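# Chains, contacts and geometry: an overview
Here's the letter readout for the chains.
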Amino acid sequence: MRGRLPPARCEGILTAPDRSAAPSSTAPPPTGATWPAADRDTTLTLTEPPHAESWARHPEVRIDLQPHGYAAPSAGLVDGSVAVARLRLPIDGGSDWLPPQRPGSHLAGHAQELHPEGRQHPPCPGRDMTTPQLHRRFPALERTLPFLRLGDAPTPVRKLTGTGRDDLWCKDDSGYGSGGWGGNKVRKLEWLLPELRRRGVRTVLTVGATGTNWGLAATLYGRELGIDTVIALVDQPEDEHVREQLRRLRRSGATLHFTRSKPLTMAAAPWLFLRHARGLRLPSYLPAGGSAPIGVLGYVEAGLELGDQVEAGELPEPRCIVTAVGSGGTAAGLALGCALAGLRSQVLAVVVNETLPLATVDLTRLAGRAAAVLRRRGAAFDIPPPRLTSTRAHLGRGYGHHTTEATAAAQVAEAAGLHLDPVYTAKAFAAALTAAPDGPVLFLNTYGPRT
Ligand SMILES: Cc1ncc(COP(=O)(O)O)c(C=O)c1O
């Protein structure tokens, strides 16, 4: 029988065994080499065997109970009431979340649930109901890949003046998003949120830096669908831009955990999952920046949109499209979308984050995983490999550290009517000013602040 697990009773239990404090007569539990780890297999210490047994019945958790007489004083445990458990946590946000599909199985049922009145999209007052490019191009996806319009497409393209080059264009996604935050994250959420809703997810766990645009957008748009967001925040260099973003995050309704560094976040991950479980349901994990393959589709959509704009003569086919890279989804999706649209443009991925693998090969792999999702969901296509190059030339001292080139570039952009942020878009714009001298170059403005 599955019992409810009050998360509060699990609090404080995921402390690494304090070996120094262990009485010599009672050896610490055999946590092995897996602690601390954010792997799928993580060894944890649970305070009370009855709770551990309940977790053992959790469908997503594999648990081997080993009652143990050890108590870690630092964790405040009661002597003799400790179990060592091996959890298999659903850290699977990188997959496309779906088990193998049988034709006409639960997805078809879900399509009905999402479209109760035979509409193509769930009713959502005040939203633009236009059909996404991916659904138009691959009608099979309408039933398998839910979409929720959150902004007005297409976003505008325009030639920039006064930048020192006369072949520089901008596709301006800053206005994208009708909620409390805008920019590139909204396009990812248009695919991620309905997928989460389809799975009945009520709590999302994600990660970001203290000024995370992603975490803010996920919280604000998720909230509208009744999805709560928990964010583990790692430190970044603090400036007024970051402090202001943190104030927005605090007001947003997100639950914030200041885990400070990547290793500490990984170590805390099991505790965070259990702490925010609702009954037997663990939170659903979304990777940094929303760059799960389904999130990447947001920029596949943008690439297709751009293809239409080129075809309509709104801008010349760019030789090079420049975008900032924090978690990779935007650049990977854009390159895939351009390939699908038949554009020959090369995406220049300007890496601003040294803590994730974001080399050309990694981004190309991510684009491949997004393409695999599309194929699995019923889209058939044959395209050349996405054209994408990653560069760290504008990273400077690392994520969130200002560079003089980016600061100067932001001023040039301001004069051309673009308000950029120092962490992402200013560095990408610095690259755009010198990229592909034989242009045309298209700069993607991904920064979408609201008040
Ligand atoms: C304003 C802005 N631009 C660009 C990016 C990079 O996008 P991605 O995480 O998809 O690489 C982010 C987020 O990371 C962002 O917040």
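It should be noted that the structure appears before, not after, this text.
As a convention, each chain's residues are numbered from 1 in the sequence order in which they are written. For this predicted model, a pLDDT threshold of at least 70 governs which residues receive local features, and a threshold of 80 or more governs which side-chain atom pairs are given and counted, while totals over whole chains, interfaces and linings are taken from all residues.

### Examining the sheet that holds strand β9 (residues 255–260)
Under the convention used in this document: Paired strands are those between which DSSP finds at least two bridges. Elements are defined by DSSP. Helices are runs of H or I of four residues or more, strands are runs of E of two residues or more, and each kind is numbered from the N terminus. As a rule, the C-alpha atoms of each element are fitted with a line to give its axis, helices using only the stretch in contact, and angles between N-to-C directions run from 0 to 180 degrees. For the purpose of contact definition, each residue receives a C-beta atom placed from its backbone, and two residues are in contact when these atoms lie within 7 Å.
Taken in spatial order, the four strands line up as β9-β8-β7-β10 in an open sheet, and their pairing is parallel. Two strands bound the open sheet, and with one partner strand each, they are β9 and β10 (284–286). Adjacent strand axes in the sheet meet at a mean angle of 25° when their direction is disregarded. Its contacts with the sheet put helix α6 (residues 213–224) on β7 (203–209), β8 (228–234) and β10, and the angle it makes with β7 is roughly 155°.

### Quick notes on the sheet that holds strand β11 (residues 320–325)
Judged by pairing direction, the sheet is mixed, and its six strands sit side by side in the order β4-β5-β14-β11-β12-β13 without closing on themselves. Of all the strands in the sheet, just β4 (157–159) and β13 (388–391) have a single pairing partner and so form its edges. Here the strands of the sheet are splayed against their neighbours by 25° on average, with no regard to which way each runs.

### What to know about the packing of helix α9 (residues 293–311) against helix α11 (residues 360–376)
So the rule is basically this: Oblique is the label for any angle not covered by the other classes, which are roughly parallel (under 35 degrees), roughly antiparallel (over 145) and roughly perpendicular (65 to 115). Each residue receives one of three labels: charged for Asp, Glu, Lys and Arg, nonpolar for Ala, Val, Leu, Ile, Met, Phe, Trp, Tyr, Cys and Pro, and polar for the others, Gly being one of them.
In contact at an axis separation of 9 Å, α9 and α11 are set at 95° when each is read in the N-to-C sense. Compared by their axis directions, α9 and α11 come out roughly perpendicular. Between α9 and α11, the residues in contact are Pro 293, Ile 294, Val 296, Leu 297 and Val 300 and Leu 366, Arg 369, Ala 370 and Val 373, respectively. Here the contact of α9 with α11 is built from residues that sort into eight nonpolar, no polar and one charged.

### Some points on the site of the ligand
Our working rule: What makes a residue near a molecule or strand is its C-beta atom, placed from the backbone, lying within 6 Å of it. The domain boundaries here were taken from an automatic or database domain assignment.
Among the 19 residues in the neighbourhood of the ligand, the closest are listed as Asn 213, Gly 289, Gly 326, Thr 330 and Thr 446. The leading source of residues in the shell around the ligand is helix α10 (residues 329–341), at three residues. Here the residues of the shell around the ligand are counted per class, giving six nonpolar, 12 polar and one charged. Residue-level mapping places the shell around the ligand at the junction of two domains, with at least three residues from each of domain 2 (107–184 + 292–448) and domain 3 (186–289).

### Overview of unusual backbone geometry
At the junction of Ala 153 and Pro 154, the peptide bond is cis and its omega measures out at -5° in the coordinates. As for its placement among the helices and strands, Pro 154 is situated in the loop between α4 (141–144) and β4. Look at the link from Gly 439 to Pro 440: it is a cis peptide, with omega at 0°. The topology assignment puts Pro 440 in the loop between α13 (425–434) and β14 (441–445).

### Description of helix α7 (residues 240–252)
Applicable threshold: To estimate the expected span of a helix, subtract one from its residue number and multiply by 1.5 Å. Backbone-placed C-beta atoms define the burial measure: a residue is buried with 20 or more other C-beta atoms within 10 Å of its own, exposed with 12 or fewer, and partly exposed in between. Each C-beta atom gives one direction from the helix axis, and the arc is the one those directions make.
Between the first and last C-alpha of α7 there are 18 Å, a value that for 13 residues agrees with the 18 Å anticipated at 1.5 Å per step. Buried within α7 are the following residues: Gln 245, Arg 248, Leu 249 and Ser 252. Looking down the long axis of α7, one finds its buried residues gathered within 100° of arc, a one-sided arrangement. When the buried face of α7 is taken as reference, the exposed residues oriented beyond 90 degrees from it are Glu 240, Arg 243, Glu 244, Arg 247, Arg 250 and Arg 251. Considering only its buried residues, α7 is in contact with α6 and β9. Positive phi appears at Gly 253, one or two residues downstream of α7, with a value of about 95°.

### Looking at α10
One turn of an α-helix holds 3.6 residues; hence residues three or four places apart share an orientation. Taking 1.5 Å of rise per residue, the 13 residues of α10 would be expected to cover 18 Å, and the 18 Å separating its terminal C-alpha atoms lies within 8% of that figure. In terms of burial, α10 is a largely internal element, 13 of the 13 residues being buried. Once α10 ends, the next one or two residues include Gly 342, with phi positive near 80°.

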